[in-house]
Amino acid sequence: MTKENVQGAGEEEQQAQSKKALKKQQKEAEKAAKKAEKQAKLAAEQQETDEDDFAKDRYGICPMVQSQQKLDRALVRVQDLTPEKAEQQIWVRARIHTSRAKGKQCFLVLRHQQFTVQALLAVGDRASKQMVKFAANLTKESIIDVEAVVKKVEQKIESCSQQDVELHVERIFVISQSEPRLPLQLEDAVRPEGEGDEEGRATVNQDTRLDNRVIDLRTTTSQAIFRLQSGVCQLFRDTLINKGFVEIQTPKIISAASEGGANVFTVSYFKTSAYLAQSPQLYKQMCICADFDKVFCVGPVFRAEDSNTHRHLTEFVGLDIEMAFNYHYHEVIDSITDTMVQIFKGLRDRFQTEIQTVNKQYPSEPFKFLEPTLRLEYKEGVAMLRAAGVEMGDEEDLSTPNEKLLGRLVKEKYDTDFYVLDKYPLAVRPFYTMPDPNNPKYSNSYDMFMRGEEILSGAQRVHDAQLLTERAMHHGIDLEKIKAYIDSFRYGAPPHAGGGIGLERVTMLYLGLHNVRQTSMFPRDPKRLTP
Amino acid sequence: MPLYKVKPVSPGDIKIDLPTCMYKLPNVHAQGTNCDEHALQNGEVDPALRALEERQDEVLRRLYELRATVDGLAKTVTTPDADLDATTLSRGPAESVFRGTADLDSLLGKDLGALRDIVINANPACPPLSLLVLHSLLCQRYQVLSSVHVHSSVSAVPPPLLSCLGPRHIDSYARQRFQLGFTLIWKDVSKLEMKFNTQSMCPIQGEANVARFLFRLLGAEPQDPVAATQMDCWIDTAVFQLAEGGSKERATVLRSLNAALGRSPWLLGEEFSLADIVSACCVLRAGQSTSAPANVQRWLKSCQNLGHFDCVYSLLQ
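Since the model is a prediction, treat every value here as computed from it, not as a measurement.

Caption draft 1: Structural detail: the sheet that holds strand 10 (residues 266–269) of chain A. All names here are of chain A. Read from one edge of the open sheet, three strands run 9-11-10, paired in antiparallel fashion. The open sheet has two free edges, formed respectively by strand 9 (253–254) and strand 10, since each of these has just one partner strand. Bridging between strand 9 and strand 11 (residues 272–276) involves two bridges; their strand directions are antiparallel. If you follow Ile-253 over to strand 11, its bridge partner there is Leu-276.

Caption draft 2: Just the packing of helix 9 (residues 274–286) of chain B against helix 10 (residues 294–305) of chain B, in detail. Residue and element names in this part refer to chain B. In the contact formed by helix 9 and helix 10, the axes pass within 11 Å of each other and the chain directions differ by 110 degrees. With respect to helix 10, the axis of helix 9 lies roughly perpendicular. Taken as a pair, helix 9 and helix 10 cross one another with a handedness that is left-handed. Where helix 9 approaches helix 10, its residues Asp-276, Ser-279, Ala-280, Val-283 and Leu-284 are matched on the opposing element by Trp-299, Leu-300 and Cys-303.

Caption draft 3: Inspection of the interface of chain B and chain A at higher detail. Across the contact, 26 residues belong to chain B and 25 residues belong to chain A. Regarding the contact of chain B and chain A, the summed buried area is about 2300 Å², with carbon and sulfur atoms giving 48% of it. Counting the surface chain B buries against chain A, the share from its top three residues, Ser152(B), Tyr173(B) and Arg175(B), is 24%. Put simply, Glu380(A) and Arg175(B) hold a salt bridge, and the shortest N to O gap is 2.5 Å. Remark: the boundary between chain B and chain A carries 13 residue pairs in polar contact (both at pLDDT 80 or more). A breakdown of the residues in the side of chain B that touches chain A according to their chemical character gives 11 nonpolar, 10 polar and five charged. Pairing geometry for strand 14 (residues 370–371) of chain A and strand 2 (residues 144–151) of chain B, over two bridges, is antiparallel. Note on strand 2 of chain B: the bridge partner recorded for Leu370(A) is His151(B).

Caption draft 4: Looking closely at the packing of aromatic side chains. Residue and element names in this part refer to chain A. Counting across every chain of the model gives 16 aromatic pairs over all chains. Their ring planes at 10 degrees and their centres at 6.2 Å tell us that Tyr-329 and Tyr-446 sit as a pair that is stacked. Linking Tyr-329 in the loop between strand 13 (315–324) and helix 9 (330–350) with Tyr-446 in strand 17 (residues 445–450), this pair joins segments that are 117 residues apart in sequence. The same class applies to Tyr-329 as to Tyr-446, namely buried. Put simply, the rings of Phe-344, Phe-367, Phe-369, Phe-418 and Tyr-510 pair up and form one aromatic cluster. Geometry around Tyr-424 places Arg-429 over its ring, the cationic atom sitting 4.4 Å from the centre.

Caption draft 5: Summary view of the confidence of the model for chain B. All names here are of chain B. Looking at chain B as a whole, the pLDDT averages 81, with 86% of positions reaching at least 70. The secondary-structure element of chain B with the lowest mean pLDDT is helix 2 (residues 80–83), recorded at 46, while strand 4 (residues 193–195) shows the highest, at 93. This stretch, residues 35–39, has a pLDDT under 50; its non-local contacts, to residues over four places away or in other chains, come to zero contacts. Residue range residues 82–97 is modelled with pLDDT below 50. Its contacts to residues more than four positions away, or to other chains, number 13 contacts. Reported confidences for the modelled complex are a pTM of 0.77 and an ipTM of 0.78.

Caption draft 6: The arrangement of the pairing of strand 15 (residues 374–377) of chain A in detail. Residues and elements named next belong to chain A. Taking every second residue as pointing to the same face, both faces of strand 15 are buried, with Leu-374 and Leu-376 on one and Arg-375 and Glu-377 on the other. For strand 15 and strand 16 (residues 418–422), the ladder comprises four bridges, and the chain directions are parallel. Pairing of Leu-376 across the sheet is with Leu-421, part of strand 16.

Caption draft 7: Spotlight on empty space enclosed by the protein. Residues and elements named next belong to chain A. A complete count under the given rule lists one cavity of 30 Å³ or more for this structure. Considering only enclosed or pocket space, the largest cavity measures out at about 40 Å³ in volume. Lining the largest cavity are Phe-236, Leu-319, Ile-321, Ile-336, Thr-339, Met-340, Leu-456, Gly-499, Gly-500 and Ile-501. Looking at the lining of the largest cavity, the elements with two or more residues in it are strand 13, helix 9 and strand 19 (496–502). Residue classes in the lining of the largest cavity are distributed as seven nonpolar, three polar and no charged.

Criteria and cut-off values
Residues numbered from 1 in each chain as written. Chains lettered and ligands numbered in written order. Predicted model: local features only at pLDDT ≥ 70, side-chain atom pairs only at ≥ 80, totals over all residues. Heavy atoms only, no water. Pairing = 2+ DSSP bridges. Helix = DSSP H or I, 4+ residues; strand = E, 2+ residues; numbered from the N terminus. Axes fitted to C-alpha atoms, helices over the stretch in contact; angles between N-to-C directions. Parallel < 35°, antiparallel > 145°, perpendicular 65-115°, else oblique. Left-handed = near helix turned anticlockwise from the far one by under 90°. Contact = heavy atoms within 4.5 Å. Buried area = accessible area lost by both parts, 1.4 Å probe. Salt bridge = Lys/Arg side-chain N within 4 Å of Asp/Glu carboxyl O. Polar contact = N/O pair within 3.5 Å; in protein donor to acceptor, adjacent residues only side chain to side chain. Nonpolar A, V, L, I, M, F, W, Y, C, P; charged D, E, K, R; others polar. Phe/Tyr/Trp six-rings, centres within 6.5 Å; stacked < 30°, edge-to-face > 60°. Buried < 20%, exposed > 50% of the residue type's maximum accessible area, 1.4 Å probe, protein only. Lys NZ or Arg CZ within 6 Å of the ring centre and 35° of its normal. pLDDT = per-residue confidence, 0-100. 1 Å grid on protein atoms, 1.4 Å probe; cavity = no way out; pocket = protein on both sides within 12 Å on 5 of 7 lines; lining within 4 Å. Points joined across faces, edges and corners; volume = space filled by probe spheres on them.

Below you can see the structure in the form of structure tokens.
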């Protein structure tokens, strides 16, 4: 009987084996079929690519522009793409802001400085599938040349600056490709602070921006800020030149620290050391004694203050004015305030686009001012502060919170963000400030404020060598160190006064921003030396 | 060792009625005492105590006086009809407009040692003529530092408006030398407003109200309530019906002005007042000075002759 079983078992085994074998065979057959399918597909695709790419010469990556040829091609700026150019075929060079593929179409947003325009690439008789695929795979921020037909659109494209037109792309070439991973995304960099937190989308913090300044400066907000800053500088120059001022350049490597030795940078100067100028004060005054009457200078100022605040930099651009006057230093105050008012008016009238662009990301109240500028005396300021409950002495200097409070009080009463506070107490001013003739406790000095923060500190200077020596001794300054300075007043010096502003701080306060690093292209502070 | 004590036979504090027909001798036993209960060891009265006493008497006396005044006032207020007969009030000339005194400290708050600056925000499309007249009157009485500014909300202002407060004072560089500041700011505002001390005063809106405030600084408000009410009545008529009303209303007001001015040289009687200033400015602004009735024209001429309306006429040209 066992034999039968064995036999039976053997048969069963055989049957089982054949079952397994069958299954295995089936699986292998399936695999082979799939593989064959795939291969066939690939082959078919290859055929397609080779067959259907009729647009091969209408797209691609250009070889690096090494000035191989001088093409006489006019490139239209994105800014100028308006309905007037409808149906024209033009070339545009711009960056890829975003690209999005959808089936047989690819939507690109091209950006040039603050302006963006939508571009469309669709599979058709002018563009092949491969071309659309190529366009969709281009990395953001790459610079491309596009030949396209400008088309009017019925519905405004809200997300672009050029809202009435769209480009239908015919040819697309890459001039400079960007690496695929950007250290920061431009949409994030332009997003207002509050919005980011609410919707869970990121905003970029300041340190990241400053570390990757080249990309951060491409955002619309940064472009607007620095164009406005350029406007400030230009208006400053133009207004003063029209008033008969002469622009001078003063040395920045100097032998002796002028105001106080504490806040200067030292540089090694051959066998000795020298200092980086803390302000052009001394040289401005020497120019006045040299009969230039009205001078101004625009140049860097170096302050080695270890203050990590929202409004201090170690290097900034100083716009300084010095002027000889006839009988009263108010002539100089009037001149300076008129210059500031002309700057504000120029910005208000010619840079509204930039101001609105900045306000989109950093909303703020528009800047208000009076013409002629409001001038209050220090005593009035103290009286206003006392009426508001602040206790301070008559000769005490204003602390920063008090300055801000006074700014708010003045804004409430006179509705101006810019005003002058005149006749400061003598004790809190530098040694070269002229004392008030009628009251020895006060001086002929003034500060100007924007939005409650100080932007200019100025005074009538002592132009008499003897009085200057007395005042320097009173302040305990080493006369040897300032000998050259005092000497300049010994051979006839006109009465003069002046003051200086910081370009970055003025731009920051005009736009209502909160950190001076936003208005300094490559800021320098105690913790930052690059880029 | 305790001694034997005897109880006092008679109490020590018997009051004896001394006869008053006899003269008194000072008490020889206690040296230098006087009749006062509080005498010191050496017999002198502490001068501080005496001063305190005198002060107490003084305060009590003033309290009695004050109480008498308040009683009188209470009586007047609670029973006006009984005690105050309006017909017996004198209709004679009220106190002169320009010779009254005003306490600046009580109207403007304590002097904090700095210029007291009144700020007026006006729309250049609608210059406040009556305030210019009042400014001229104020300059006569006080040392006023006047300045005109243009706010950044307005792009340009015609030159006559920039010099409407007259030429700049020679001493304007020394703000402290002035008693009062008058700062006029041409601004894009819907309604004229005045600000003085933003911590303790809310802004005053409307040309008529600011005019009333400035008039008080001249110390020239009519003291008697009837005249004051009439003045307010004329001011409201001028501002609401003459300036803002239709042509029919304006004609009515001009007729009533004519009637009132037929009876007396000025609207309130013999004396020039704020009613005349505001009404004249409204008539001039409406541009109907030439077509107005005879009395009104005569009255306008009298206003002009006072000299304070020069700034207004120069603006209207």
